[in-house]
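# Chains, contacts and geometry: an overview
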Amino acid sequence: MAPMGIRLSPLGVAVFCLLGLGVLYHLYSGFLAGRFSLFGLSSEPGGGAAGPAAAADGGTVDLREMLAVSVLAAVRGGDEVRRVRESNVLHEKSKGKTREGAEDKMTSGDVLSNRKMFYLLKTAFPSVQINTEEHVDAADQEVILWDHKIPEDILKEVTTPKEVPAESVTVWIDPLDATQEYTEDLRKYVTTMVCVAVNGKPVLGVIHKPFSEYTAWAMVDGGSNVKARSSYNEKTPRIVVSRSHSGMVRQVALQTFGNQTTIIPAGGAGYKVLALLDVPDKSQEKADLYIHVTYIKKWDICAGNAILKALGGHMTTLSGEEISYTGSDGIEGGLLASIRMNHQALVRKLPDLEKTGHK
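Residues numbered from 1 in each chain as written. Predicted model: local features only at pLDDT ≥ 70, side-chain atom pairs only at ≥ 80, totals over all residues. Heavy atoms only, no water.

### Notes on the confidence of the model for the chain
What counts, and what does not: For every residue, the predictor assigns a confidence score, pLDDT, that lies between 0 and 100. The contact definition used throughout considers only heavy atoms, calling two residues in contact when any of these lie within 4.5 Å.
When pLDDT is averaged across the chain, the result is 84; 79% of the residues are at 70 or more. Segment residues 1–6 is flagged for pLDDT under 50; beyond a separation of four residues in sequence, or across chains, it makes 1 contact in the model.

### Topic: the pairing of strand 12 (residues 238–242)
Consecutive side chains of a regular strand alternate in pointing toward one face of the sheet and then the other. Rules: Burial classification: accessible surface area is computed with a 1.4 Å probe over protein chains only, and a residue below 20% of its type maximum counts as buried, one above 50% as exposed, and the rest as partly exposed. Working definition: helices are DSSP H or I runs of at least four residues, strands are E runs of at least two. Numbering for both runs from the N terminus. Two strands qualify as a pair provided DSSP detects at least 2 bridges between them. For a crossover, the right-handed case is the one in which the path from the first strand over the helix to the second runs clockwise, viewed with the strands pointing away from the viewer.
Where burial is concerned, most of strand 12 is hidden: 4 out of the 5 residues are buried. By the bridge criterion, 5 bridges tie strand 12 to strand 13 (residues 262–266) in an arrangement that is parallel. Looking at the pairing, Ser 242 lines up with Ala 266 of strand 13. Between the parallel pair strand 12 and strand 13, the chain is carried across by helix 7 (residues 246–257), and the sense of this crossover is right-handed. Relative to strand 15 (residues 289–292), strand 12 runs parallel, the two being bridged by 2 bridges. Within strand 15, the position partnered with Ile 239 by the bridge is Leu 289.

### Quick notes on the nonpolar core
Defined as follows: We call a set of buried Ala, Val, Leu, Ile, Met, Phe, Trp, Tyr and Cys residues a nonpolar core when their side-chain atoms join them within 4.5 Å. Reported domain spans reflect what an automatic or database domain assignment gives.
Formed by 56 residues in total, the largest nonpolar core has its most connected members in Tyr 290, Ile 301 and Met 315. The residues that make up this core include at least three from each of domain 1 (58–224) and domain 2 (226–353). When near neighbours in sequence (up to four residues on either side) are disregarded, Ile 301 contacts Ala 269, Ile 296, Met 315, Ile 323, Tyr 325, Ile 331 and Leu 335. Counting residues in each nonpolar core, the second largest holds 36 residues, with Ala 68, Val 128, Val 164 and Met 219 among its members.

### Looking at the UniProt feature "binding site: Mg(2+)" (unreviewed entry) in the chain
We apply this condition: UniProt positions are given in the numbering used here, feature names are shortened, and annotations may be inferred rather than shown by experiment. We define a polar contact as two N or O atoms separated by no more than 3.5 Å, with the added condition that, inside protein, one atom must be a possible hydrogen donor and the other a possible acceptor, whereas residues neighbouring each other in sequence contribute only through side-chain atom pairs.
Taken from the UniProt record, the annotation "binding site: Mg(2+)" (unreviewed entry) applies to Glu 133, Asp 174, Leu 176, Asp 177 and Asp 300. Look at the named residues: they lie 168 residues apart in sequence, but the longest C-alpha span between them is just 9.5 Å, so in the fold they bunch up. Locating Asp 174 in the fold gives a position in strand 6 (residues 169–177). By relative accessible area, which is 0% here, Asp 174 ends up buried. In this structure Asp 174 touches Met 117, Glu 133, Thr 192, Met 193, Trp 299 and Asp 300, once residues within four positions along its chain are discounted. Of the polar contacts made by the side chain of Asp 174, one reaches the backbone nitrogen of Leu 176; its length is 3.3 Å. Looking at the element boundaries, Asp 300 is found in helix 9 (residues 298–310). Judged by its relative accessible area of 16%, Asp 300 falls in the buried class. With residues up to four places along the chain from it excluded, the contact list for Asp 300 reads Asp 174, Asp 177, Met 193, Ala 269 and Gly 270.

Put into structure tokens, the structure is as follows:
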């Protein structure tokens, strides 16, 4: 007899044991399901690349679609840039000083363009990493939808989808390149830019000129709507450089290439890359090389790097190193960009230029 005079029923004991086994089964099966999902072994519908494991890491994105959205984002941002400039109410302020001691300016054009570009890309591709020059305020969040239409000029060049893992993608946005020149109403230098890097390598680039409404785009191993010029002068090149330190480059360039070398001071990294290409814009100056000797941010150069790479050109540090578009948002080693030239020979001709930029 049980203690306290309680008699145990065999049926009750059996029911109790069954309930206990049921609880243990439920807990254990949930644990296994979680373990299997980590390794992509779930048997839910749509498993594999599109199943729960893929959802956890963002799945894949189509670079052709990303190109279409990037072009649209650059144009939408450019509309804001143009609208603010034409209103002549810029709300200009300083974010601080650059490393060279100049004012790092910001305007309503930067902020509004950034908002349109960032949220269009983020809504279309929520699982990709997006780096942008300006701060994104959650209070200003917008849902800007893409209609999923790919323009005919892109479909003509990029005939099939090109999917890559979303986790391998980093997007770099420059919502208003050449802000200093923008405040001075030097409109030809101003661009909006989007770049898509895969595993740190630039593969999509878009450079849009809001005031002439010209857009250049290219995809590495895909296609482009812009091309290189037919010839370049490698012996006595025209070199496009930053307006802020043109004298610094001039001295070394004349020593390297001779007195016939022409230095073109210009604003905006996007404008300088377009100077190397065959661009149907009368306000666009032409150059053979683009040289930069000081620290520069990756959102300034990624789009141009992708376009040059797609066309067979090169953009490296002054020492010839490829630029990785992951990690930190800037590079220290200066910049050399060329197309249809012996790039490494040019690197060897400029051994002291990086040191000059750090004096």
